[in-house]
Amino acid sequence: MSLTDLKKRTKQPVKRSKVSVDQFIEDADNYAQGKAGASNKPIKNPKATTNFRHCTFTFDAAAIAHLQQASEQHKVAKSKLLRQLLKQFDSLSPQQQQALLAVSKEP
């Protein structure tokens with residue numbers, strides 16, 4: 001087998017219109033914001049407009065097990081569950097937040 005056998009074969013070559021660098025960048029910005037691009041096709045994913053960012057947290061094994069159990073029990077993604085818990089925490093008064101944090105202090 002030669003390297004030409006590994007080449008992806010298409011039945012018809014894809015025709016692409018030429019765009020300027022500025023138009024390409026503008027379309028990329030629009031795509032990132034969930035807006036239609038130069039092709040005027042709307043983005044099908046409505047979640048593309050939300051501003052989620054990837055974060056990394058460190059939990060002990062017990063916290064991970066609790067999070068996993070709650071996620072499975074309520075059929076909710078772990079990240080969504082954490083967002084909801086943070087929203088609930090934020091809705092508490094500063095005194096309630098302090099009282100909750102005082103109860104749950106790590107050793």
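Up top is the structure these notes are about.
### Quick word on a nonpolar patch on the surface
Okay, so step 1: The grouping of Val-19, Val-21, Phe-24 and Ile-25 at the surface amounts to a nonpolar patch, some 400 Å² of accessible area in total.
Okay, so step 2: Looking at the element boundaries, Val-21 is found in helix H1 (residues 21-32).
Okay, so step 3: Val-21 gets classed as exposed once you look at its relative accessible area, which sits at 61%.

### Observations concerning the layout of surface pockets
Okay, so step 1: Space inside the largest pocket adds up to approximately 960 Å³.
Okay, so step 2: If you trace the largest pocket, you find 23 residues lining it, with Phe-57, Phe-59, Leu-82, Leu-85 and Leu-86 closest to the centre.
Okay, so step 3: Mapped by element, the contributors of at least two residues to the lining of the largest pocket are helix H2 (61-74), helix H3 (78-90) and helix H4 (94-103).
Okay, so step 4: At eight residues, H3 tops the list of elements feeding residues into the lining of the largest pocket.
Okay, so step 5: Across the lining of the largest pocket, the residue classes tally to 14 nonpolar, five polar and four charged.

### Overview of unusual backbone geometry
Okay, so step 1: Non-glycine residue Lys-75 carries a positive phi angle of around 55°.
Okay, so step 2: Inspection of the secondary structure assignment puts Lys-75 in the loop between H2 and H3.

How each quantity is defined
Residue numbers restart at each chain and count upward from 1, following the sequence in its written direction. For this predicted model, a pLDDT threshold of at least 70 governs which residues receive local features, and a threshold of 80 or more governs which side-chain atom pairs are given and counted, while totals over whole chains, interfaces and linings are taken from all residues. The basis for every side-chain value is the complete set of heavy atoms in the structure, and neither hydrogens nor water enter the calculation. Patch criteria: residues need more than 30% relative accessible area and no salt bridge. Like-charged residues are merged within 9 Å; nonpolar side chains of Val, Leu, Ile, Met, Phe, Trp and Tyr are merged within 5 Å. With residues, only the protein chains shown are counted as cover, and all accessible areas are computed by Shrake-Rupley using a 1.4 Å probe. Here, a salt bridge means any side-chain nitrogen of Lys or Arg that lies within 4 Å of a carboxyl oxygen of Asp or Glu. The numbering of helices and of strands both runs from the N terminus, where a helix is a DSSP run of H or I of at least 4 residues and a strand a run of E of at least 2. Whether a residue is buried, partly exposed or exposed follows from its accessible area with a 1.4 Å probe, protein chains only, as a fraction of its type maximum: under 20%, in between, or over 50%, in that order. Both cavities and pockets are sets of points on a 1 Å grid over the protein atoms alone; in a cavity a 1.4 Å probe fits but cannot get out, in a pocket the set is open with protein on both sides within 12 Å along at least five of seven lines, and lining residues sit with an atom within 4 Å of a point. Grid points are joined across faces, edges and corners, and a volume is the space filled by probe spheres set on the points. Under the grouping applied here, Gly and all other residues not named as nonpolar or charged are polar, the nonpolar ones being Ala, Val, Leu, Ile, Met, Phe, Trp, Tyr, Cys and Pro and the charged ones Asp, Glu, Lys and Arg.

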